[in-house]
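# Coordinate analysis (summary)
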Amino acid sequence: AKMLAGAIHMMQGTPYIYQGEELGMTNAHFTSIDQYRDVESLNYYEILLSEGKTKEEAIKILAERSRDNSRTPMQWSDKENAGFTTGTPWIQTEDNYRQINVEAEEKVEDSILNFYRKLITLRKDMPVISKGKIKFIEEENEGVLAYTRTLDDQKLVVFCNLKEEVNEVAYAEEKAEKLIGNYPGEEKLDIQNGKLKLRAYEFVCYLIG
C-alpha cells in the first residue's frame, strides 16, 4: 500500500485519495451475492452463471472486479460498523475493520495513514514534486517503476519494486540522500557494482542537490 502511494504521489499531476486507501483498506471479500449492492455486479453475476460458471467461480470473479470493493463504509474505529454509523449501513463493512481503521493507525508512527501524511507534506513543501519534469528510467525492467523528477538544481530519483522478491536496478549516482521510503532507516544510497537492490515492494525516493 505504501509503495503504490509513493509511486503516485511523487509523480506529476494532482493525486487524489479515494476513501480508505490511506488506511490500506482492502477489497470486501464478500462470499455471497446477497452481500452485493452494485447493479452492474448483480447483472454480471447472472451473466457468469448463464455462461456456465459455478456460483463459487462467479463470486470469486466479483471479489476481484466489483465496484462494491471500493464502496464499503469508511473504517473509522473498531466499534460496530467500523464507527461509520449506529444504524444499518447500505452495504456491510469488511471484517478486518477491527485492525484497519483510522483510530488504530493514528497511534502507530509508521502506519499507512501517517505515510500518506508524509507524502502530502513533502508535496506541499517541495515544488520539484508538483512542478518538476518527469523522466522514466529502467523501462526494460517490468518489475520496477522508476523515474526522475527535476526542477532547477534539484532532482529526485524514485524506485518502486512491483514484485515480492528482491529486484536490482542499474544506477550509478553516488551522492544522494534518502528522502522517503517504506522501509525503516535513513541510510544513504547504497550502490554496488552499479546496481541498487530493492527489497520486496520497496518504494524509495532519493534527493540529489
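Residues numbered from 1 in each chain as written. Predicted model: local features only at pLDDT ≥ 70, side-chain atom pairs only at ≥ 80, totals over all residues. Heavy atoms only, no water.

### Quick notes on the overall build of the chain
Convention followed: Strands are runs of DSSP state E lasting at least 2 residues, helices are runs of H or I lasting at least 4, and numbering of each runs from the N terminus. Partly exposed describes any residue whose relative accessible area lies between the buried limit of under 20% and the exposed limit of over 50%, with all areas from a 1.4 Å probe on protein chains only and scaled to the type maximum. The contact criterion used is simple: two residues touch if any of their non-hydrogen atoms lie within 4.5 Å. Here, Shrake-Rupley sampling with a 1.4 Å probe gives the accessible areas, and only protein chains in the shown set may cover a residue. Positive charge is attributed to Lys and Arg, negative charge to Asp and Glu, and no charge count is given to His or to the chain ends. By convention, the charge on Lys lies at NZ, on Arg at CZ, on Asp at CG and on Glu at CD.
Along the backbone of the chain there are 6 helices and 7 strands. Mapped from its N terminus to its C terminus, the chain presents α and β elements in the order α-α-α-α-α-α-β-β-β-β-β-β-β. Principal axes of the C-alpha set define a box for the chain whose edges measure 55 × 40 × 30 Å. Taken across its 209 residues, the chain has 43% of its residues classed as buried. The long-range share in the chain, meaning contacts at least 24 apart out of those at least 6 apart in sequence, stands at 60%. Carbon and sulfur atoms provide 49% of the accessible area of the chain, an area that totals close to 12500 Å². A distance of 4 Å separates the average location of the 27 positive side-chain charges in the chain from that of its 37 negative side-chain charges.

### Brief notes about the pairing of strand β1 (residues 133-137)
The line we're drawing: Should DSSP find at least two bridges between two strands, the strands are regarded as paired.
Relative to strand β2 (residues 144-151), β1 runs antiparallel, the two being bridged by 5 bridges. Looking across to β2, one finds that I134 is bridged to R149. The hairpin formed by β1 and β2 contains 6 residues between the paired strands, and E138 there has a positive phi angle of roughly 55°.

### A closer look at the side chain of S111
Cut-off, in case you're wondering: In protein, a polar contact requires one atom able to donate a hydrogen and another able to accept it; more generally it is a pair of N or O atoms within 3.5 Å, and residues adjacent in sequence count only if both atoms are side-chain atoms.
Within the secondary structure layout, S111 lies in the loop between α4 (102-106) and α5 (112-125). For S111, a relative accessible area of 8% puts it in the buried group. There is a polar contact of 3.1 Å between the side chain of S111 and the backbone oxygen of V108.

### With respect to the state of the cysteines
What counts, and what does not: For this text, the term disulfide refers to a pair of cysteine sulfurs within 2.5 Å.
Inspection of every chain in the model, using the stated rule, returns 0 disulfides. There is no disulfide at C160, and the cysteine sulfur nearest it, in C205, is 9.1 Å away. Under the relative-accessibility criterion, C205 is labelled buried at 0%.

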